[in-house]
Amino acid sequence: MTRSDSTTTDPRAGALLGLRRAIQALQPHLTTSDDQADLALIEEAANRLSQPRATAVLGIADFDPTRLAHLLQITGPSLGPELLARLTEDLTSTAETLATGARTADWKRLREGSHVLISLSGSVGALSLQVMSENLNALAHAQNRDALVALMPPLEAELSALIRLIRATRAPTGGAE
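Participant: Just give me the short version of the nonpolar core, but keep the residues and values in it.
Facilitator: Of all hydrophobic cores here, the largest spans 32 residues; its most connected members are Leu91, Leu98, Leu129, Leu136, Leu155, Leu162 and Ile166. For this core, the secondary-structure elements that each account for two or more residues are α5 (65-75), α6 (80-104), α7 (107-124), α8 (127-142) and α9 (145-168). Sorting elements by how many residues they give to this core places α9 first, with 10 residues. Excluding residues within four positions of it along the chain, Leu162 makes contact with Ile60, Phe63, Leu91, Ser121, Val124, Ala126 and Leu129.

Given below as structure tokens:
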């Protein structure tokens, strides 16, 4: 298969190629430095979009690894392992709380678990899980059983992926604190 054939079988690659061509075609027509800077931002975004997404492997739709890295940085090497252990423990406990709450339609348990998960997922950069947790909290307040049934499988999958990610993360060692 030639490279041009791959863009016909991968619509995303074809669209990104079209975007790159549009950027190149537009560049000679932009005369101000502000316009050039805006185009450079678009080009940088296109470059990021063309990179493989580590989150697909993680199982988390939208993950910002800089948040977890920042937490580990401010915690420091001596407390990093403890932070990771506590995160794993809290996320696992929350997963159990939510699974029980969903199974029994225990709205209070779902509200409590969703509050914890909103905070934890946002802190470590699991942004899509944070949004799902906020949605869970809202539907628990509304006691919407149909929405609960639809939301729990993807939420549980992302929560499980986050727990695996935290377990696999190693705290930085040494360096300046």
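Participant: Can you break down α9 residue by residue, with the values?
Facilitator: Because the α-helix completes a turn every 3.6 residues, residues three or four places apart line up on one side. In this model α9 runs 34 Å from its N-terminal to its C-terminal C-alpha over 24 residues, within 8% of the 34 Å that 1.5 Å per residue would give. Looking only at α9, the buried set comprises Leu148, Leu151, Met152, Leu155, Glu158, Leu159, Ala161, Leu162, Ile163, Leu165 and Ile166. One side-chain oxygen of the residue at the start of α9 lies 3.3 Å from the amide nitrogen of Asp146, identifying that residue as Asn144.

Participant: Mind laying out the environment of Arg111, listing which residues take part and the relevant values?
Facilitator: Take Arg111: it is sitting in helix α7. Note on Arg111: relative accessible area 24%, which makes it partly exposed. Taking the C-alpha atoms as reference points, Arg111 and Leu98, 13 residues apart in sequence, are found 8.9 Å from one another. Among residues more than four places away in sequence, those in contact with Arg111 are Asn137, Ala140 and His141.

About the cut-offs
- Residues numbered from 1 in each chain as written.
- Predicted model: local features only at pLDDT ≥ 70, side-chain atom pairs only at ≥ 80, totals over all residues.
- Heavy atoms only, no water.
- Core = buried A, V, L, I, M, F, W, Y, C linked by side-chain atoms within 4.5 Å.
- Buried < 20%, exposed > 50% of the residue type's maximum accessible area, 1.4 Å probe, protein only.
- Helix = DSSP H or I, 4+ residues; strand = E, 2+ residues; numbered from the N terminus.
- Contact = heavy atoms within 4.5 Å.
- Expected span 1.5 Å × (residues − 1).
- Polar contact = N/O pair within 3.5 Å; in protein donor to acceptor, adjacent residues only side chain to side chain.

Function cannot be inferred from these measures alone, as they are strictly geometric.
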